[in-house]
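# Coordinate inspection notes
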Amino acid sequence: MDENPGKTENLGKDENIAMLMAQVSRLMRRTFDEKARLLGMTRPQWQVISILSVNEGINQGGLAELLEVEPITLGRMVDRLQDAALVERRPDPADRRAWRLHLTDKAQGLLVQLRPLALDTIDAAQEGLSQPERDGLITAMQVMRSNLSRKA
């Protein structure tokens, strides 16, 4: 009798959890990108303003960590968002060399338009799943994230 019935090697070549998660993630990103492009936004820009909306006043280094990008990469992204009047840099009162990042009113307005697009994408991906299946999927993904975060 198999001691580990959920063992990954028991799955077909193209049906392992990592491949399926990667495929679903890619398709969700592509679907959202198509919708966001109509508003003149890219997914990386959306990610920056979305994460910044719940971390208002964070410095660039902290935001780069949250986004898992290099600080120089984030600096260029913030430059473009600042040029588009979506983000403003304000001096950090505790460190003259650092800047705190804040969303502008224009960015807040875009978030109001983009959030429903994100929710529509999630709903489309979950179409055909019952509420208990949706809840179970969230729970399973949270456990997996926790498992991998501990090991990282």
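Preceding block: the structure.
Attention here is on the structure that accompanies the text. (Residues numbered from 1 in each chain as written. Predicted model: local features only at pLDDT ≥ 70, side-chain atom pairs only at ≥ 80, totals over all residues. Heavy atoms only, no water.)

In terms of helices and strands, the protein carries 6 helices and 2 strands. Reading the protein from its N end, one meets helices and strands in the order α-α-α-α-β-β-α-α. Expressed as a percentage of its 152 residues, the buried residues of the protein come to 25%. Within the protein, residue pairs in contact and separated by at least 24 positions form 49% of the contacts whose partners lie at least 6 positions apart. Surface accessibility of the protein: about 10,800 Å² in total, with carbon and sulfur atoms responsible for 55%. (Helix = DSSP H or I, 4+ residues; strand = E, 2+ residues; numbered from the N terminus. Buried < 20%, exposed > 50% of the residue type's maximum accessible area, 1.4 Å probe, protein only. Contact = heavy atoms within 4.5 Å. Areas by Shrake-Rupley, 256 points an atom, 1.4 Å probe, with all protein chains shown as cover.)

This part is about helix 4 (residues 71-83). In a regular helix each residue adds 1.5 Å, so 13 residues correspond to 18 Å; helix 4 covers 18 Å between its end C-alpha atoms and thus fits that length. Considering only its buried residues, helix 4 is in contact with helix 2 (43-53), helix 3 (60-67), strand 1 (87-92) and strand 2 (95-103). Immediately downstream of helix 4, the backbone of A85 shows phi near 60°, a positive value. (Expected span 1.5 Å × (residues − 1).)

What follows covers unusual backbone geometry. A positive phi angle is found at E68, which is not glycine, with a value near 55°. For E68, the location among the structural elements is in the loop between helix 3 and helix 4. Although it is not a glycine, A85 sits at a positive phi angle of roughly 60°. By secondary structure assignment, the location of A85 is in the loop between helix 4 and strand 1.

Its 21 residues give helix 5 (residues 105-125) an end-to-end C-alpha distance of 31 Å, which sits within 8% of 30 Å, the value for a rise of 1.5 Å per residue. Along its length, helix 5 shows its largest kink, about 25°, at Q113, and proline P116 lies within four residues downstream of that point. Looking only at helix 5, the buried set comprises A107, L110, L111, L114, L117, A118 and T121. Elements that come into contact with the buried residues of helix 5 comprise helix 1 (17-37), helix 2 and strand 2. (Bend = angle between axes of the 7 residues up to and from the residue.)

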